[in-house]
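Chain by chain, the residues:
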2 protein chains.
Amino acid sequence: MKTKVTELFKIKHPIIQAPMAGGITTSKLVSAVSNAGGLGMIGAGYLSPTQLREQIRDIKKQTSNVFGVNLFVPGVYSIDEKAIDSANKLLAPIRQMLSIPTPNTVSYDDSGKVFEEQVQVLLEEEVAVCSFTFGLPSSSIIDEMKRQQIQLIGTATNVQEAISCEKAGMDAIVVQGSEAGGHRGTFNDNYEGSLIGLMSLIPQVRDHVQVPIIAAGGIMDGRGLLASIHLGAEAVQMGTAFLTTIESGAHPIHKKAILVATEEETVVTRSFSGKPARGLKNRYIEELQPFESDLPDFPIQNTLTQDIRKAATNQENAHFMSLWSGQSPRLAREVSVEEVMNSTIAQAEAILKNTLNLI
Amino acid sequence: MKTKVTELFKIKHPIIQAPMAGGITTSKLVSAVSNAGGLGMIGAGYLSPTQLREQIRDIKKQTSNVFGVNLFVPGVYSIDEKAIDSANKLLAPIRQMLSIPTPNTVSYDDSGKVFEEQVQVLLEEEVAVCSFTFGLPSSSIIDEMKRQQIQLIGTATNVQEAISCEKAGMDAIVVQGSEAGGHRGTFNDNYEGSLIGLMSLIPQVRDHVQVPIIAAGGIMDGRGLLASIHLGAEAVQMGTAFLTTIESGAHPIHKKAILVATEEETVVTRSFSGKPARGLKNRYIEELQPFESDLPDFPIQNTLTQDIRKAATNQENAHFMSLWSGQSPRLAREVSVEEVMNSTIAQAEAILKNTLNLI
């Protein structure tokens with residue numbers, strides 16, 4: 001299936017694996033997607049520049065096809081000691097249940113410095129594609145990356161953000177619908193209004209930008225691929241569909257939770273990281289729900305809850321893990337990346353052939 | 001364009017006009033849709049049996065094509081005097097601003113009795129199609145309507161509700177995505193979890209029911225029609241797209257508000273009726289937002305706010321009107337019903353022909 005996006009990124013199929021941060025996008029997953037004709041993506045949001053460089057080199061050994069990297073663009077945040085104290089008080093009983101100590105101090109990385117170093121790694125390692133979440137980098141970074149012919153992808157959750165992405169020089173835009181799992185990419189501060197379903201969002205964005213659109217959110221198979229293309233997208237980005245594959249680095253507990261979930265079980269929460277993200281509702285989310293709006297900003301809350309998520313994962317305790325998922329868990333399958341890729345394309349082509357009877 | 005739904009309802013195009021209650025679905029609108037080859041629908045939720053009978057007869061004079069009626073299925077609600085007093089206190093300053101008196105008592109119709117009389121009207125007037133919102137009627141009503149060969153449509157916002165609709169004997173199911181304007185049709189009490197985007201909802205419902213699906217939510221043109229069909233629907237129901245047509249009975253202020261709105265301006269609120277519904281955010285919604293969860297049940301809150309909505313409409317004061325809208329206001333146009341119908345079908349067919357290059 002050929003579209004503007006397959007030409008732009010030199011890939012066979014218009015399918016991009018969502019850059020899920022936090023250990024899910026292992027080299028095995030990324031290279032499997034690229035080897036199967038899609039675009040594998042490293043979710044590098046939480047990787048140090050050194051870890052990122054190592055993974056890029058590792059993937060190059062496993063595929064000669066194009067792959068990409070996603071970076072979190074650092075935003076403005078305040079270190080509000082009172083909010084941190086309140087959050088730690090809320091987290092104390094959870095830490096106790098998981099038998100982990102209350103940290104005396106927590107150190108916060110200078111995310112601006114990390115981001116610039118990550119960009120340097122991409123330039124040095126000659127990565128072909130880079131996508132950005134949570135905003136847009138400075139024009140000097142964009143210019144430098146463009147000079148080295150890195151294809152740039154912005155992330156938008158509404159029309160205004162998409163226009164900003166195009167103006168900044170992005171070569172394509174991930175348009176993230178309300179259906180999407182994981183972090184909301186919203187960066188224009190209107191979080192509530194930016195939970196827009198893809199049926200509404202894709203055509204409205206399409207009418208306001210010229211660059212190719214990559215639809216993201218709830219897309220799991222050939223039906224979603226074809227629908228996205230007909231709404232105005234030139235490719236899809238699939239997250240949950242790849243999260244449960246054999247090659248994914250997601251914890252088996254996380255995979256299983258998605259495989260048995262229904263479409264009604266996800267919620268959008270700030271409780272894990274300080275930024276809204278969609279995941280399966282569990283005890284942790286429920287306990288922090290009344291305090292959602294008082295929690296510290298991203299990435300402070302993310303740093304605060306790191307020990308909890310780590311301990312919960314080690315103890316295989318799904319009640320306190322972040323179980324990111326889109327709104328289509330019933331369509332998730334525990335199969336190989338190749339099976340996801342091939343069945344998606346085959347289904348889209350079969351539906352298209354059948355639909356000809358309509359006219 | 002032929003689908004199972006066009007055969008079932010004996011219509012030319014798989015387009016159903018959403019049964020928007022509250023004066024929008026005038027005989028002019030309903031008959032224009034049916035005359036243009038779609039299925040016009042009376043939103044009869046707030047009509048008395050006599051008004052409903054008159055409108056049915058009126059429409060029959062204006063079209064010989066099939067049209068339908070939507071009924072609100074009465075649910076259980078409590079008359080909580082304390083909640084009513086609190087609500088009236090919140091509404092007092094708004095009534096003052098609009099120069100309307102505080103009502104001493106408000107009478108509540110016996111919605112169960114009204115519903116049964118509405119059903120009798122449909123049977124007597126031999127209406128061809130009846131859709132239900134907010135639940136399913138008793139099996140005796142369903143049996144009686146089926147004996148008279150009325151085609152029945154249920155409304156579902158999640159997979160479980162769709163399964164219930166099929167089990168109850170519905171001939172088709174409106175699958176309402178989170179994008180939809182107006183009232184949420186949710187009846188299994190999981191309101192928060194039932195705001196599911198159509199990209200996720202249609203395929204997950206499709207895999208669990210056999211009867212035709214009618215997609216609803218944010219669909220405004222041929223792109224949405226084609227995408228819905230590829231996701232697994234056999235027709236679409238369009239609300240906002242018909243609300244702004246010349247033939248619609250919506251107040252000009254309401255139409256204009258949609259025509260200038262962006263996709264980020266809608267919210268889901270209980271503040272007008274007691275049931276969650278999507279509309280353009282205005283001062284009324286903002287003022288009642290902190291008290292959302294304390295407001296009386298539907299239809300109590302709806303009855304309480306009737307005078308406010310009426311006065312605001314008469315005074316052309318958009319701050320206090322219920323400006324229902326789906327998430328695609330940027331795609332709304334002030335054109336004729338015929339133009340909406342023809343351009344939707346023409347666009348869908350053109351896209352389909354172009355897409356053949358993909359394979």
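Computed from a predicted structure; not experimentally measured.

> Give me the overall build of chain A: which residues, what numbers.
Assigned secondary structure in chain A consists of 15 helices and 11 strands. The C-alpha atoms of chain A give a radius of gyration of 20 Å, which matches the 21 Å a tight globule of 359 residues would have. C-alpha extents for chain A along the principal axes are approximately 60 × 45 × 40 Å. Expressed as a percentage of its 359 residues, the buried residues of chain A come to 62%. With the model as given, the accessible surface of chain A reaches about 13,700 Å², and the carbon-plus-sulfur share is 48%.

> Now, about the sheet that holds strand β2 (residues 40–43) of chain B: what can you tell me, with residues and values included?
All names here are of chain B. Ordered in space as β1-β9-β8-β6-β5-β4-β3-β2, the eight strands form an open sheet in which the pairing is parallel. Whereas interior strands pair on both sides, the edge strands pair on one side only; in this sheet they are β1 (15–17) and β2. Looking at each pair of strands side by side, their axes are set apart by 25 degrees on average, direction ignored. Helix α3 (residues 49–62) contacts β2 and β3 (67–72) of the sheet and is inclined by roughly 165 degrees relative to β3. Where helix α8 (residues 198–206) meets the sheet, it contacts β6 (172–176) and β8 (213–216), and its direction lies at approximately 170 degrees from that of β8.

> Can you explain the pattern of salt bridges? Please cite residues and give values.
Residue and element names in this part refer to chain A. Across all of its chains, the model carries 24 salt bridges over all chains by this definition. With a closest N to O distance of 2.9 Å, Arg53 and Glu125 form a salt bridge. In this pair, Arg53 is assigned in helix α3 (residues 49–62) and Glu125 in the loop between α5 (111–124) and β4 (129–133), connecting sequence segments 72 residues apart. Residue Arg53 is classed as partly exposed on the basis of its relative accessible area of 24%.

> Describe in detail helix α8 (residues 198–206) of chain A, supporting the description with residues and values.
Counting buried residues along α8 of chain A, nine of its nine residues qualify, which places the element largely inside the surrounding structure. Taken together, the buried positions of α8 of chain A are Leu198, Met199, Ser200, Leu201, Ile202, Pro203, Gln204, Val205 and Arg206 of chain A. Its buried side turned inward, α8 of chain A meets α7 (159–167), β6 (172–176), β8 (213–216) and α9 (222–231) of chain A together with α8 and α9 (222–231) of chain B.

> So, the relation of the copies chain A and chain B: which residues are in play, and what are the values?
Note on the copies: chain A fits chain B at an RMSD of 0.0 Å, the axial shift is 0.0 Å, and the rotation between them is 180 degrees. Overall, the copies show the geometry of a two-fold rotation axis. In terms of proximity to the rotation axis, the leading residue of chain A is Ala227 of chain A, whose C-alpha is 2.0 Å off the axis. The fraction of interface residues of chain A whose copies in chain B are also interface residues reaches 100%, indicating that both copies meet through the same surface.

> Which residues make up the interface of chain A and chain B, and what values go with them?
Listed as interface residues are 54 residues of chain A and, on the opposing side, 54 residues of chain B. Here chain A meets chain B over a buried area of about 4,300 Å², counting both sides, of which 59% is carbon and sulfur. Linking chain A with chain B are two salt bridges. We note a salt bridge from Asp207 of chain A to Arg223 of chain B, for which the minimum N-O separation is 3.0 Å. Here chain A is connected to chain B by 19 residue pairs in polar contact (both at pLDDT 80 or more). Contributing elements (two or more residues each) for the side of chain A that touches chain B: α7, α8, α9 and α15 (337–355) of chain A.

> Could you give an account of the sheet that holds strand β11 (residues 277–280) of chain B, with specific residues and numbers?
Residue and element names in this part refer to chain B. Strand order in the open sheet formed by three strands is β7-β11-β10, and the pairing between neighbours is antiparallel. The open sheet has two edge strands with one neighbour each: β7 (182–183) and β10 (266–269). In terms of strand pairing, β10 meets β11 through four bridges, oriented antiparallel. Each residue of the ladder has a partner; that of Val268, found in β11, is Arg278.

> Let's hear about the pairing of strand β5 (residues 151–156) of chain A: which residues, and what values?
All names here are of chain A. In terms of burial, β5 is largely enclosed, as six of its six residues are buried. Here β5 shows a buried face lined by Gln151, Ile153 and Thr155 and a second buried face lined by Leu152, Gly154 and Ala156. Bridge count between β4 and β5: three bridges; the pairing is parallel. When the bridges of β5 are listed, Val129 appears paired with Gln151. For the crossover that starts at β4, traverses helix α6 (residues 139–147) and ends in the parallel β5, the hand is right-handed. Here four bridges tie β5 to β6, and the two strands are oriented parallel to one another. Each residue of the ladder has a partner; that of Thr155, found in β6, is Val174. The parallel pair β5 and β6, bridged by α7, forms a crossover whose chirality is right-handed.

> An account of the packing of aromatic side chains is needed here, citing residue identities and associated values.
Each aromatic ring pair is specified by the distance between its two centres and by the angle formed by the two planes. Evaluated as defined, the whole model comprises 14 aromatic pairs over all chains. Three or more aromatic residues link up through ring pairs in this structure, and these residues are Tyr46, Phe72, Phe134 and Phe298 of chain A. The ring of Phe134 of chain B has Lys275 of chain B sitting right over it, with the charged end atom 4.5 Å from the ring centre.

> How would you summarise the side chain of His183 of chain B if you had to cite specific residues and measurements?
Residues and elements named next belong to chain B. Along the polypeptide, His183 turns up in strand β7. His183 sits in the buried class, given a relative accessible area of 14%. Residues within four places of His183 in sequence aside, it is in contact with Tyr46, Phe134, Gln176, Ser273, Lys275, Pro276, Ala277, Phe298 and Trp324.

> Account for the pairing of β11 of chain B, with residues named and values stated.
Pairing between β7 of chain B and β11 of chain B: two bridges, direction antiparallel. Looking across to β11 of chain B, one finds that His183 of chain B is bridged to Ala277 of chain B.

Cut-offs applied
- Residues numbered from 1 in each chain as written.
- Chains lettered and ligands numbered in written order.
- Predicted model: local features only at pLDDT ≥ 70, side-chain atom pairs only at ≥ 80, totals over all residues.
- Heavy atoms only, no water.
- Helix = DSSP H or I, 4+ residues; strand = E, 2+ residues; numbered from the N terminus.
- Rg over C-alpha atoms; globule rule 2.2 N^0.38 Å.
- Buried < 20%, exposed > 50% of the residue type's maximum accessible area, 1.4 Å probe, protein only.
- Areas by Shrake-Rupley, 256 points an atom, 1.4 Å probe, with all protein chains shown as cover.
- Pairing = 2+ DSSP bridges.
- Axes fitted to C-alpha atoms, helices over the stretch in contact; angles between N-to-C directions.
- Contact = heavy atoms within 4.5 Å.
- Salt bridge = Lys/Arg side-chain N within 4 Å of Asp/Glu carboxyl O.
- Least-squares fit on C-alpha atoms with pLDDT ≥ 70 in both.
- Buried area = accessible area lost by both parts, 1.4 Å probe.
- Polar contact = N/O pair within 3.5 Å; in protein donor to acceptor, adjacent residues only side chain to side chain.
- Right-handed = clockwise from strand over helix to strand, strands pointing away.
- Phe/Tyr/Trp six-rings, centres within 6.5 Å; stacked < 30°, edge-to-face > 60°.
- Lys NZ or Arg CZ within 6 Å of the ring centre and 35° of its normal.

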